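Next come the chains, spelled out residue by residue.
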Amino acid sequence: MFYLCDVFVLKEYQGQGIGKKLVEVIINSEEYEWMTGILATLDAHGLYEQYGFERESERLMGRLPQGRKI
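All values derive from a computational prediction rather than experimental measurement.

Reading guide: rules and limits
Residues numbered from 1 in each chain as written. Predicted model: local features only at pLDDT ≥ 70, side-chain atom pairs only at ≥ 80, totals over all residues. Heavy atoms only, no water. Pairing = 2+ DSSP bridges. Helix = DSSP H or I, 4+ residues; strand = E, 2+ residues; numbered from the N terminus. Buried < 20%, exposed > 50% of the residue type's maximum accessible area, 1.4 Å probe, protein only. Lys, Arg positive; Asp, Glu negative; His and termini not counted. Salt bridge = Lys/Arg side-chain N within 4 Å of Asp/Glu carboxyl O. Polar contact = N/O pair within 3.5 Å; in protein donor to acceptor, adjacent residues only side chain to side chain. Contact = heavy atoms within 4.5 Å.

Q: Before we move on, could you go through the sheet that holds strand β4 (residues 60-63) and cite the residues and values that matter?
A: Overall, mixed pairing links the four strands, which are arranged β1-β2-β4-β3 in an open sheet. Two strands close off the open sheet at either side, each with one partner strand: β1 (2-5) and β3 (54-55). As paired strands, β3 and β4 are joined by two bridges and run antiparallel to one another. In the sheet register, Glu54 faces β4, and the bridge partner there is Gly62.

Q: So what's going on with the side chain of Arg63? Residues and values would help.
A: Checked against the element boundaries, Arg63 lands in strand β4. Buried within the structure, Arg63 lacks any salt-bridge partner; Glu33 is the closest side chain of opposite charge, at an N-O distance of 8.3 Å. A polar side-chain atom of Arg63 sits 2.6 Å from the main-chain carbonyl oxygen of Tyr51. Sequence-distant contacts of Arg63, defined by excluding residues within four places in its chain, comprise Ile27, Met35, Thr36, Gly37, Tyr51, Gly52 and Phe53.

This is the structure:
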């Protein structure tokens, strides 16, 4: 299992795709593809839903493994 702490981008750098790139690098890593992912967020559910995370409660989200360890 991996835990992704809510991605934080300074206000002056927001809107440049930095948060999306950080999430993409993590979820596309072969090291993590066979693991279940969990995270907590207050207001970025839409961002994480784009990458396969599903709401489990008001703050918690999860993502099932996308591959398997060889």
